[in-house]
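# Observations on the three-dimensional arrangement
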Amino acid sequence: MAEMTDISEFESPLYRTALVQLDRVAARLDLESNIHERLRHPRRALVVSIPVRMDDGNTKVFRGYRVQHSTVLGPTKGGLRYDADVNLGEVTALAMLMSWKCALAGLPYGGAKGGVRCNPRAMSVTERENLTRRYTVEIMLVIGPDHDIPAPDLGTDEQTMAWMMDTYSMTQGKTVPGIVTGKPLIVGGSAGRREATGRGIVYALYQAARHLSQPLRGQRVVVQGFGNVGSVAARLLWREGCVISGVGDVKGGIVNPHGIDIRQLEAHVAEAGTVAGFPGTEPVSNAELLEQPCDILVPAAIGSQIREDNADRIKATIVAEGANGPTTPEADAILRDRGVTVIPDILANAGGVIVSYFEWVQGLQYYFWRESEITTRLQEIMTRAFNRVWALGAKEGTDLRTAALMEGVRRVAEGYRVRGLYP
Ligand code: GLU
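Described in the following lines is the structure provided in the data block. (Residues numbered from 1 in each chain as written. Predicted model: local features only at pLDDT ≥ 70, side-chain atom pairs only at ≥ 80, totals over all residues. Heavy atoms only, no water.)

Enumeration over the complete set of coordinates arrives at 26 salt bridges. The salt bridge partner of aspartate 23 is arginine 40, with a shortest N-O separation of 3.1 Å. With a gap of 17 residues between them, aspartate 23 in helix H1 (residues 13-29) and arginine 40 in the loop between helix H2 (33-39) and strand S1 (44-53) connect regions that are remote in the sequence. Look at arginine 40 and you get buried, because its relative accessible area is 10%. (Salt bridge = Lys/Arg side-chain N within 4 Å of Asp/Glu carboxyl O. Helix = DSSP H or I, 4+ residues; strand = E, 2+ residues; numbered from the N terminus. Buried < 20%, exposed > 50% of the residue type's maximum accessible area, 1.4 Å probe, protein only.)

Here's what the structure looks like:
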């Protein structure tokens, strides 16, 4: 292989992991080194400073990023995260993962990601609005409804998208719904977008259960994270007849081996702001939660939760990754050796970006679909992607993560191959 170009600007654990995964898959696919080298680098990475007037009258400057990994299959797509750990390398790695995720689902997009280093929970609504509006203006150079389309991710939500859409639209003198996805319904959001990631996880689990000949009903499930992804996955799995034996959020976890009533838990969360303290459950730490006896574990919180030091103690036989990058490569190897079926992030949580694609298409056409149309199409795409990955894994004798990456990387590489190099 020819010598690879230096990537030190993007140094971070997650970027390293993303490269190790890519290099391994490139070798398996026997990828030409010219294309492999291009895939290792983002196409563009924008770093911005975001001055924000805080409630106390002082101005604070935040660091923000928007990274576009590949534009070969179409405009770029990916979420925006507000988190204290955001850095250029992490955002770049997540943009790369979005490229594989979109390609695997067959969407006409390249991958992108945005991030602002901040603690959104410590900020007022006004401060978050000011931050979002100024960030939008700063990245206006590189986003657009046919360039790069942001969406929610960790620490951002529908309201964040409404502010972004409004800010962008004001500068254009007209409303531009296609600039973001994950918007509130009233301003061009899609039916079913809020539930999409959690629902997609359930569709992936239907298929996993089918291939493993174990019905979903009656399976004991632990869900880490009770935000947009975890809460919906927990509710839908509970409705499918699963026993939700543990749930956690940023403030702590709760367990009950006989099952938690998710409807009542949602009412408790609406009042208390956390799952902690829900009557009839025992409190556990987030670390203990992951190690609870169960059949299915859904890590749907943040990255690097299943690591070398706890992978041995994971009891689940299926792990469905709702979060991006919840399992480190070392832990992945341990789970693989122990025969645990890991449904990787780029497959398990693809429901979000799939319905984002539907929202974008609907917005461009000003023609909106019923929720039943959305969920039917979502299920079709998730099922097709899952079964393709399962079959490839069986054919190649690999785990599902390797198979999913092979399929995603292969498609992006094919795009580069047919388009060629400009000039
Ligand atoms: N943030 C989500 C993800 O990581 C959704 C991205 C999107 O809808 O564009 O897949």
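In this structure, the second largest pocket encloses a volume near 290 Å³. Together, 13 residues line the second largest pocket, and Arg38, Arg43, Thr71, Val72 and Tyr416 are the ones closest to its centre. Its residues assigned to classes, the lining of the second largest pocket shows 5 nonpolar, 5 polar and 3 charged. (1 Å grid on protein atoms, 1.4 Å probe; cavity = no way out; pocket = protein on both sides within 12 Å on 5 of 7 lines; lining within 4 Å. Points joined across faces, edges and corners; volume = space filled by probe spheres on them. Nonpolar A, V, L, I, M, F, W, Y, C, P; charged D, E, K, R; others polar.)

Here we come to empty space enclosed by the protein. Evaluation of the coordinates by the stated rule reveals 2 cavities of 30 Å³ or more. Computed from the structure, the largest cavity encloses a volume of approximately 100 Å³. What lines the largest cavity is simply Leu14, Thr17, Ala18, Gln21, Ala93, Leu97, Glu321, Gly325, Pro326, Thr327, Asp345 and Arg401. Going through the elements one at a time, H1 and helix H3 (88-105) are the ones with two or more residues in the lining of the largest cavity. Of all the elements, H1 adds the most residues to the lining of the largest cavity, at 4 residues. Partitioning the lining of the largest cavity into residue classes produces 5 nonpolar, 4 polar and 3 charged. Estimated volume of the second largest cavity: approximately 30 Å³. Residue lining of the second largest cavity: Lys101, Leu104, Ala105, Ile346, Ala350, Ile354, Ile381, Met382 and Ala385, and that is the complete set.

Okay, the sheet that holds strand S2 (residues 59-68) next. Spatial ordering of the open sheet is given by S1-S2-S4-S3-S5, a layout of 5 strands whose pairing is mixed. Edge strands, defined here as strands with exactly one partner in the open sheet, are S1 and strand S5 (148-152). For this sheet the average axis-to-axis angle between neighbouring strands, irrespective of direction, equals 25 degrees. Two strands pair when backbone bridges link them, and S2 and strand S4 (residues 110-117) are joined in this way by 5 bridges, in the antiparallel orientation. Each residue of the ladder has a partner; that of valine 67, found in S4, is lysine 113. Against the sheet, helix H4 (residues 125-138) makes contact with S1, S2, strand S3 (76-83) and S4, and its axis sits at roughly 140 degrees relative to S1, the strand it touches most. (Pairing = 2+ DSSP bridges. Axes fitted to C-alpha atoms, helices over the stretch in contact; angles between N-to-C directions. Contact = heavy atoms within 4.5 Å.)

All chains considered together, the criterion is met by 8 aromatic pairs. Their ring planes at 50 degrees and their centres at 6.0 Å tell us that tyrosine 357 and phenylalanine 358 sit as a pair that is tilted. Residue classification places tyrosine 357 among the partly exposed positions, given a relative accessible area of 22%. Arranged with centres 5.8 Å apart and planes meeting at 20 degrees, the rings of phenylalanine 386 and tryptophan 390 form a pair that is stacked. Taken together, the positions of phenylalanine 386 and tryptophan 390, both in helix H13 (residues 371-396) and 4 residues apart, correspond to about one turn of that helix. Residue classification places phenylalanine 386 among the buried residues on the basis of a relative accessible area of 1%. With a relative accessible area of 21%, tryptophan 390 lands in the partly exposed category. (Phe/Tyr/Trp six-rings, centres within 6.5 Å; stacked < 30°, edge-to-face > 60°.)

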